[in-house]
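# An overview of the molecular structure
The chain contents come next:
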Amino acid sequence: MGESDIDRRAFIKQLGLIGQGSLMLSALPWLEGFAADKQKELKGEKAKIAIIGTGSRGLYHINNMLSMSNADIVALCDIYPPHLEDAAALCPKAKKYTDYREVLASTDVEGVLIACPLHMHAPITIDALNAGKHVFCEKSMARTPEQCKAMYDTYKMTGKVLYIGQQRLFDLKYIKALEMVHSGKIGEVVGIRNFWFRNNDWRRPVPEPSLERQINWRLYKEYSGGLMTELATHQLQIGTWALKRIPDYIMGSGDIVFWKDGREVYDNVNVIYHYSNGVKMTFESIISNKRYGMDEQILGHTGTLELAMGKYYPEEPKQAPGIQQFINQIEHKAFDNISIAGPSWVPETASENKGEFVVDNVKTHDGSNTTGAVGDGSIELVSSFCDSVISGKPIPVLVEEAYYSSILALLGLQAMEEHKILAFPEEYKIPYLNHA
Ligand SMILES: NC(=O)c1ccc[n+]([C@@H]2O[C@H](COP(=O)([O-])OP(=O)(O)OC[C@H]3O[C@@H](n4cnc5c(N)ncnc54)[C@H](O)[C@@H]3O)[C@@H](O)[C@H]2O)c1
């Protein structure tokens, strides 16, 4: 077993699904490939993969795939020579390309992993699917809603495998937490809060000024939707996953408040996604203050989940033993202002409730570096892609979830840019979930 090989049995066991067989896994259909019988069908084969875009995320995937026993990196492609050479140093046997169309013409390649700037996701994905290749494309799906829809339609038409880099679907703590939502553990979901705070300019060093837009593509509207497509996409998926519905209208406000350095994308955004039952999902991001880090919080009437922290907080925590209550009272000087009799002995403030982890060995990260974080589901996602390339079978749910998270991010951006409350456009609805 290689360093990045997934112990699929242990993965499923951690979810508490082992022994309950296909019944429980059928509630998580995108993970069914991890079942032992499905693994046997793959017969230890390797998927022949080309990496298109060997910048920071591309290199991160290459480093992981090198120690996956179901992956064989046969080709590398990048238009920027230093990045292509970085990748070639890791994969000396892989063929090098500078034009992705030549990669697609190669019969050696079964699947492509696209880690290019956002504006190239749709053209390369659509060309690759039409050329008969299986595709893993990084998130966000595409730069515009029209492109997302065209990618989705091509995926459905060709029947090829398509993965989008939404790794939360393969992150144990998220899977478990969402299972808790669906089993009613937190009661009725009454709100979802997403936030992502950092304190840096989001710039990459540029060796010469003519390369500014190419290297710092995230900062320019032609290539990127800024915080919405780079960060929000991951978090907005939680709304669709938890609520199994899409919002009916969207509003928001975005500005460049602090990093006034020639960039075109907002550095400060607030968006509200309104659902027809009155529930709201919010996304807030500021990149000039990092005090609150990042998280996704699902608020239910009997409990709360902090997904990135992997924690669950019941609304009514179990009462501490008597002596502990007494210590709590002394520590918090509670005798000064409340009666020592009756139920007020257990403090009710959220800060007193330390919560519980939703799975063992929760791995968290502060969201400051999104190239890749240990235990965030990225390795499982790419490994599952390699399995799907070998089997040739698309997996359910993933594309639809990714589609809606990208559409929500782009509609949020549009609402901010146009200063409008947007109704969810009919033409971007796909056959998935409850649209009421
Ligand atoms: N899922 C995640 O958590 C995650 C994390 C980081 C980045 N990403 C995504 O990965 C993608 C790449 O991000 P990055 O940080 O690696 O960017 P990057 O700028 O470091 O790398 C992009 C690479 O693509 C190359 N490129 C540009 N046009 C190309 C073309 N036509 N053909 C071939 N190569 C081309 C560039 O030269 C560069 O080497 C983005 O979509 C980003 O959102 C996802």
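A few points on the structure. (Residues numbered from 1 in each chain as written. Predicted model: local features only at pLDDT ≥ 70, side-chain atom pairs only at ≥ 80, totals over all residues.)

Moving on, we get to the environment of leucine 178. Secondary-structure assignment places leucine 178 in helix α9 (residues 172–182). Note on leucine 178: 20 C-beta atoms within 10 Å, which makes it buried. The spatial distance from the C-alpha of leucine 178 to the C-alpha of alanine 242 is 6.2 Å, given a sequence separation of 64 residues. Setting aside anything within four residues of it in sequence, one finds leucine 178 in contact with Trp241 and Ala242. (Helix = DSSP H or I, 4+ residues; strand = E, 2+ residues; numbered from the N terminus. Buried ≥ 20, exposed ≤ 12 C-beta atoms within 10 Å, placed from the backbone. Contact = placed C-beta atoms within 7 Å.)

So, about the site of the ligand. Taken together, 25 residues sit near the ligand, with Gly53, Gly55, Arg57, Tyr80 and Glu138 positioned nearest. Ranked by residue count, the leading element in the shell around the ligand is helix α4 (residues 56–65), at 3 residues. When its residues are assigned to classes, the shell around the ligand shows 10 nonpolar, 10 polar and 5 charged. Two domains share the shell around the ligand, each providing at least three of its residues, namely domain 1 (3–169 + 374–395) and domain 2 (185–334 + 348–372 + 401–428). (Near = placed C-beta within 6 Å. Nonpolar A, V, L, I, M, F, W, Y, C, P; charged D, E, K, R; others polar. Domains from an automatic or database assignment.)

Tracing the backbone shows lysine 149 in helix α8 (residues 145–158). Each C-alpha atom, one on lysine 149 and one on tyrosine 404, is 10.0 Å from the other, the two residues being 255 residues apart in sequence.

The parallel open sheet is built from 6 strands, whose spatial order is β3-β2-β1-β4-β5-β6. At either end of the open sheet lies a strand with only one pairing partner, and these are β3 (95–97) and β6 (162–164). Strand-to-strand twist of the sheet, defined as the mean angle between neighbouring strand axes without regard to direction, takes the value 25°. Where strand β2 (residues 71–77) meets β3, 3 bridges bridge the pair, whose relative direction is parallel. By the bridge assignment, cysteine 77 is partnered in β3 with tyrosine 97. (Pairing = 2+ DSSP bridges. Axes fitted to C-alpha atoms, helices over the stretch in contact; angles between N-to-C directions.)

Moving on, we get to the pairing of strand β10 (residues 280–286). When strand β7 (residues 189–197) meets β10, the two strands line up parallel, connected through 7 bridges. Within β10, the residue paired with asparagine 194 across the bridge is phenylalanine 283. With 7 bridges connecting them, strand β9 (residues 268–274) and β10 associate as antiparallel partners. Within β10, the position partnered with tyrosine 273 by the bridge is methionine 281. As consecutive antiparallel partners, β9 and β10 are separated by 5 residues, and within that stretch glycine 278 has a phi angle of approximately 95°, a positive value.

Moving on, we come to helix α14 (residues 398–418). The end-to-end C-alpha distance of α14 is 30 Å, a good match for the 30 Å that 21 residues give at a rise of 1.5 Å each. Just downstream of α14 lies histidine 419, where phi reads positive at about 50°. (Expected span 1.5 Å × (residues − 1).)

Looking now at the sheet that holds strand β12 (residues 303–306). Strand order in the open sheet formed by 9 strands is β14-β13-β12-β11-β7-β10-β9-β8-β15, and the pairing between neighbours is mixed. The two strands at the open ends of the sheet, each matched to only one other strand, are β14 (356–357) and β15 (422–423). As judged from the 7 bridges shared by β7 and strand β11 (residues 294–300), these two strands associate in the antiparallel manner. In the sheet register, asparagine 194 faces β11, and the bridge partner there is glutamate 296. Where α9 meets the sheet, its contacts fall on β7, β11, β12 and β13 (311–314), and the angle it forms with β12 comes to roughly 160°. On top of the sheet, helix α11 (residues 227–243) reaches β7, β9, β10 and β11; it is set at about 160° to β7, its chief contact.

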